[in-house]
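Secondary and tertiary structure notes
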Amino acid sequence: MSRQSFLQKPLLIGQDGSINNNELQDFSDQTLGFDYVQSPLKFKASQYTQDQIQQLKSYYDDSEKVQGVRQTNQKQSNTNMQFIQKLPVFLPNTAPMLLWKFIVGAMIVLIFFEIPAYVSFGQDLWDFLPLSEFLPIVITVDIILFLDILVEFCTAYYMHGNLVTDNELIIQSYLRNYFLYDLIGFLVFVVRSSLVIDNIRVLYLIFFIKYPPLMKIDLMFEEATLLHRTVRTIYNFAKILMVLQFCFLLFACGFYLIGTASVNNGINSWLLNDGNFGVILQKNQQEKFFFSYYFSLGTMTTTMGYGDITPLNMFECTYCLGGIMFAVFIFQVNVNSLFKIMEEFNILSLKLYRYRVAINRFMKAMQVPQPIQERIRQYLNEHWYEEGSRDITQEQAILLELAPELREELMFNSYGQFLQKVPLFNGTFSRQFLRSVSLKITEIRTSQGEKIFNEQDDQSIFYIKQGRILISANNCYQLKELSDGDIFGEYSFYTGLDRQAAAVSVTYCTIFKIARKDFIDVLSNFNEDFEIFWMQKDEIIYNNNLSVIYQKCWSCGSSNHYASGCDVTHYKPNLYQLLLDDASTPQVRQKKLRNIKKWRTLSSNLKLTQRIEEVVKGAPIKNMSQSASKQAKQFYVRNTINNFDRPYQFKNYYPKFNFDKIMTFKSVEDTQKLYGRNGRTESVFNRKSLFYQYQ
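A brief report on the enclosed structure follows. Keep in mind it's a predicted model, so treat the numbers as computed, not measured.

Looking now at the overall build of the protein chain. Along its length, the protein chain carries 25 helices and 12 strands. Within the span of the protein chain, comprising 695 residues, buried residues form 35% of the whole. Restricting to contacts in the protein chain with at least 6 residues of sequence separation, those with at least 24 account for 68%. Accessible area for the protein chain stands at about 43800 Å²; split by element, carbon and sulfur atoms hold 58% of it.

With that settled, the discussion passes to empty space enclosed by the protein. The full count for this structure, using the stated rule, is 7 cavities of 30 Å³ or more. In this model, the largest cavity occupies a volume close to 220 Å³. Around the largest cavity, the lining is made up of 17 residues, and of these I471, E490, Q500, A501 and Y562 lie nearest the centre. When residues of the lining of the largest cavity are traced back to their parent elements, those giving at least two are strand 10 (487-488) and helix 18 (490-495). The element best represented in the lining of the largest cavity is helix 18, accounting for 3 residues. Residues of the lining of the largest cavity, tallied by class, amount to 10 nonpolar, 5 polar and 2 charged.

Attention shifts here to the packing of helix 4 (residues 95-121) against helix 5 (residues 131-152). Axes are the key here: two packed helices are described by the angle between their axes and the distance separating the axes. Relative orientation of the contacting elements helix 4 and helix 5 amounts to 135°, with a least axis distance of 10 Å. Classified by the angle between their axes, helix 4 and helix 5 sit oblique to one another. Here helix 4 and helix 5 pass one another in a crossing that is left-handed. From helix 4, M97, W100, K101, I103, V104, M107 and I111 reach across to helix 5, where they touch V141, I144, L145, L147, D148, V151 and E152. Broken down by class, the residue content of the contact of helix 4 with helix 5 amounts to 11 nonpolar, no polar and 3 charged.

Moving on to the environment of L257. Tracing the sequence through the fold places L257 in helix 9 (residues 229-264). Sequence-wise, L257 and E316 are 59 residues apart; in three dimensions their C-alpha atoms are separated by 9.9 Å.

A few words now on the pattern of salt bridges. Under the definition given, this model contains 13 salt bridges. With a closest N to O distance of 2.9 Å, D182 and K210 form a salt bridge. Taken together, the positions of D182 in helix 7 (residues 179-194) and K210 in the loop between helix 7 and helix 8 (211-224) put the pair 28 residues apart, joining distant regions of the chain. Two residues, D521 and K517, come together in a salt bridge whose shortest N-O distance is 3.4 Å. Taken together, the positions of D521 and K517, both in helix 19 (residues 516-523) and 4 residues apart, correspond to about one turn of that helix.

In this section: the layout of surface pockets. Quantified by volume, the second largest pocket comes out at close to 800 Å³. In terms of lining residues, the second largest pocket is bounded by 24 residues, among which V109, L214, M215, K239 and M242 are the most central. Elements with a minimum of two residues in the lining of the second largest pocket: helix 4, helix 8 and helix 9. Looking at the lining of the second largest pocket element by element, the count peaks at 8 residues for helix 9. The residue inventory of the lining of the second largest pocket, partitioned by class, reads 19 nonpolar, 2 polar and 3 charged.

Once that is clear, we can look at the nonpolar core. Core analysis: the largest hydrophobic core is formed by 31 residues, its most contacted members being F418, F425, F429, F433, I514 and F519. Setting aside anything within four residues of it in sequence, one finds F418 in contact with F425, I441, Y463, F512 and I514. The next biggest cluster of nonpolar side chains, apart from the first, holds 27 residues, and it includes I111, I144, I171 and L214.

All right, on to the packing of helix 5 against helix 7 then. Interhelical geometry of helix 5 versus helix 7 gives an angle of 165° and a closest axis separation of 10 Å. Compared by their axis directions, helix 5 and helix 7 come out roughly antiparallel. Considering the relative orientation of helix 5 and helix 7, their crossing is left-handed. Taking contact as the criterion, the partners of F134, V138, V141, D142, L145, F146, D148, I149 and E152 in helix 5 are, on helix 7, F179, D182, L183, F186, F189, V190, R192 and S193. Per-class residue counts for the contact of helix 5 with helix 7 are 11 nonpolar, 1 polar and 5 charged.

Moving on, we get to the pairing of strand 7 (residues 461-466). Relative to strand 12 (residues 509-514), strand 7 is paired through 5 bridges, and the arrangement is antiparallel. Each bridged residue has a counterpart across the sheet, and for Y463 the counterpart in strand 12 is F512. Sheet topology note: the strand 7/strand 10 ladder contains 2 bridges and is antiparallel. Bridging from a neighbouring strand, Y463 pairs with I487 of strand 10.

The strand order 5-12-7-10 describes an open sheet built from 4 strands, whose pairing is antiparallel. The strands lining the two open edges of the sheet, one partner per strand, are strand 5 (442-446) and strand 10.

In protein structure, a disulfide is the covalent linkage between the sulfur atoms of two cysteines. On inspection of all chains with the given rule, the structure shows 0 disulfides. Free of any disulfide, C317 has its nearest cysteine sulfur in C320, 6.5 Å distant.

Now for helix 14 (residues 404-412). What sets the pattern is the α-helix's 3.6 residues per turn: residues three or four places apart point alike. Buried within helix 14 are the following residues: E408, M411 and F412. Considered in projection along helix 14, the buried side chains sweep an arc of 100° and stay on one side of the axis.

It is worth spelling out the side chain of T233 at this point. For T233, the location among the structural elements is in helix 9. A relative accessible area of 12% places T233 in the buried class. Setting aside chain neighbours within four positions, we find T233 in contact with I341 and F345.

Another aspect to go through is the packing of aromatic side chains. Enumeration according to the criterion identifies 48 aromatic pairs in this entry. Where F277 meets F291, the ring centres are 4.7 Å apart and the plane angle is 35°; that geometry is what we call tilted. With F277 in the loop between strand 3 (274-275) and strand 4 (278-279) and F291 in helix 10 (residues 285-302), the pair connects residues that are 14 residues apart, well separated along the chain. Judged by centre distance (6.5 Å) and plane angle (80°), the rings of F493 and F533 are edge-to-face. One end of the pair, F493, is in helix 18; the other, F533, is in helix 20 (residues 527-543), with 40 residues separating them in the sequence. Of the two residues, F493 and F533, both sit in the buried class. Sitting over the face of the ring of Y118, R192 holds its NZ or CZ atom 3.9 Å from the ring centroid. When the ring centre of F453 is taken as reference, the NZ or CZ atom of R499 above it lies at 4.1 Å.

Cut-offs used in this document
Residues numbered from 1 in each chain as written. Predicted model: local features only at pLDDT ≥ 70, side-chain atom pairs only at ≥ 80, totals over all residues. Heavy atoms only, no water. Helix = DSSP H or I, 4+ residues; strand = E, 2+ residues; numbered from the N terminus. Buried < 20%, exposed > 50% of the residue type's maximum accessible area, 1.4 Å probe, protein only. Contact = heavy atoms within 4.5 Å. Areas by Shrake-Rupley, 256 points an atom, 1.4 Å probe, with all protein chains shown as cover. 1 Å grid on protein atoms, 1.4 Å probe; cavity = no way out; pocket = protein on both sides within 12 Å on 5 of 7 lines; lining within 4 Å. Points joined across faces, edges and corners; volume = space filled by probe spheres on them. Nonpolar A, V, L, I, M, F, W, Y, C, P; charged D, E, K, R; others polar. Axes fitted to C-alpha atoms, helices over the stretch in contact; angles between N-to-C directions. Parallel < 35°, antiparallel > 145°, perpendicular 65-115°, else oblique. Left-handed = near helix turned anticlockwise from the far one by under 90°. Salt bridge = Lys/Arg side-chain N within 4 Å of Asp/Glu carboxyl O. Core = buried A, V, L, I, M, F, W, Y, C linked by side-chain atoms within 4.5 Å. Pairing = 2+ DSSP bridges. Disulfide = S-S within 2.5 Å. Arc of directions from axis to C-beta. Phe/Tyr/Trp six-rings, centres within 6.5 Å; stacked < 30°, edge-to-face > 60°. Lys NZ or Arg CZ within 6 Å of the ring centre and 35° of its normal.

The structure is reproduced here in structure tokens:
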């Protein structure tokens, strides 16, 4: 209901003449939502009595006061929100954050070690340290713990795989999860460093409530060292040593407290025994701590000690038995952890060793030539060195387990990083399209001298992550050598035409590849990007404009052609100009009388062929004796026929298989006779004169 319609609606008046409270509340709710509210006296005031109007005015004034309070609170809330939103946001797992958390974690661990010793041995344990040196250390730790609370209020966190950077959500999450631990731990250490009261020393054990924040820091370093084998091994080994040392410290403190309690109750104790070290109870606190730790280390490691310090009452013996049983358990767990750490450290070397043995056995069984074996070994060594500890098969299996959105995000920020760097993609297509295309990127590796593509291939585009690629034209001359961060193959990728050049790897290369077919399949789902792609394609094909794909000639810098067709380094004749120049040249002709002599070549050759057939078939030659005719026959067969340039064969114009079209000879037998054994067809000098000589 609008404000105007509400104010014009008659108010319900009770039997006593007062206005109904529900009506007043509705009136207040309707009018207070407006910045400017007119007085109710201006709306049909004649319908109400003076008391009713006064009641309405009174309620209206009260409502204005409530509204003023509400507006004040709202302004205060807005001011607070503006202050919260102005707070800086620190990203987790960054190098500065890891350094800060390392300092905080080291402080917490040191306090964990110091609190049990302080509770057991008192403040006298630090008598060797002057107050002028002890106080700055304590103040520094207090400041670090306090600053860590402030930093946590501004540190982003992950929820369901997504980074939360909203300041209000960050503060709410920290208040729900770790704020209480950090605040109690900070207050306990402030009290411990400022008040020295022996009766409440045991309360300082509350500082161990900082264990969950310490585990959070430990998880951060586990993630940070995950890809660094040596650093991760050292870190895990250091954690095991700290756990063991903390167990030794707790056992030493407990053993000293039991001894002190025994002495106070008049029971013989190891503190009163006059052994190799004298009466330990008479020594200072530092020596008492040292001998307690000495006994703890010997008992928990060797489970028997050296006999110089021994428990002398039932309570001390019982405590030592419990410590020995706990030591057996804790050492078994930690030794197992150490074996796992060393196995994890050597797992890559063991895997590569098995691979080398397997491939060498295969090549030996198949009797592969030695040069090929050496080439394969060198390639695998380089491949494994460059690949490091990656397991491609396992990577692909894990990627398939991710949710589609997370997998797309991961691929876009891993393989698809070059899509955000190269202007060809980042400056042209939408971000959502590039995210989808990143799923189609494949990673390939090439050895030295391997051909990546030639003039005929699948028209993919390539990005060099690592290595050097040589581009050459016509497989004969080099154009340019590309290196990390360069792309190639973009012309055929856009136009769908044949390659302008070939690509060969100069070194071991890691290359990202996008097939043109996969690219267009994804492109069909994005209309705007689809139009941009085809517009660029037409611009390249019809206008030779390579600037739309950020390419130019490597020789002259022009964006109208590639280096393989550059006029500066290649001769390209202007055919139109050459034809024009030739047509414009005047022709000089000289009159010459035609020679009217007729040679009758066809008829002469036909007569010659017929005569040769007669000779071959044994027909006698006119005006010759029988012996002369026989000699002439042998001569023709040996020289003329075998080497005769047969008419109608057109050997110089057509291939030999056109011989079946010759009309002179019909049968295969005559053809073989004419050819002879070797099928030569060389001409014989003065064949016509020989024929006419015996005519």
